[in-house]
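Structural characterization, general
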Amino acid sequence: MFHFLAIILFFFLAALLVGVSVGLLLLRKGIGFFRSAARKATGAAGSQGSRQGHNRTGAGSARRSAQTATGETIIDTRDHATANRRIFADDEGEYVDYEEEK
């Protein structure tokens, strides 16, 4: 009788372990789904994959990507200071920030 109860307890614990594992896997997938949706909604870099957009070009540089109206993807791997520097010197007139109208 005791062996029968031990076997039932073993199968119950095994089923519980499998259930918890599946639950954690589904939770992880759900969090990944919502992160991906948030990246797409905000237009953040790396929205097409979990590893794309991470810093792979060295310290101090960033990897930004943008997609054109024709579907081409433009990837900018310049560091932040180079990408955002001013084109004209301070004594060459007024600098105006350009914003594209959509």
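Residues numbered from 1 in each chain as written. Predicted model: local features only at pLDDT ≥ 70, side-chain atom pairs only at ≥ 80, totals over all residues. Heavy atoms only, no water.

Time to look at the overall build of the chain. Secondary structure summary: the chain contains 2 helices and 2 strands in total. When the helices and strands of the chain are read in sequence order from the N terminus, they spell out α-β-β-α. For the chain, the proportion of its 102 residues judged to be buried stands at 3%. Total accessible area on the chain stands at roughly 9,500 Å², and carbon and sulfur atoms take up 61% of it. (Helix = DSSP H or I, 4+ residues; strand = E, 2+ residues; numbered from the N terminus. Buried < 20%, exposed > 50% of the residue type's maximum accessible area, 1.4 Å probe, protein only. Areas by Shrake-Rupley, 256 points an atom, 1.4 Å probe, with all protein chains shown as cover.)

With that out of the way, let us pick up the pattern of salt bridges. Tallied over the entire structure, the rule returns 2 salt bridges. The shortest N-O distance in the salt bridge between R78 and D76 comes to 2.9 Å. Classification of D76 by relative accessible area gives buried; the value is 18%. One connected set of salt bridges, linked through shared partners, spans R64, D76 and R78. (Salt bridge = Lys/Arg side-chain N within 4 Å of Asp/Glu carboxyl O.)

Attention now moves to a nonpolar patch on the surface. Together, L9, F12, L13, L16, V20, L24, L27 and I31 make up a nonpolar patch on the protein surface, roughly 780 Å² of accessible area in all. Inspection of the secondary structure assignment puts L16 in helix α1 (residues 2-42). (Patch = residues over 30% accessible without salt bridge, like charges linked within 9 Å, V, L, I, M, F, W, Y side chains within 5 Å.)

Another aspect to go through is α1. A rise of 1.5 Å per residue sets the reference length of α1, with its 41 residues, at 60 Å; its end C-alpha atoms lie 60 Å apart and thus fit the reference within 8%. Phi turns positive, to about 75°, at G43, one or two residues after α1. (Expected span 1.5 Å × (residues − 1).)

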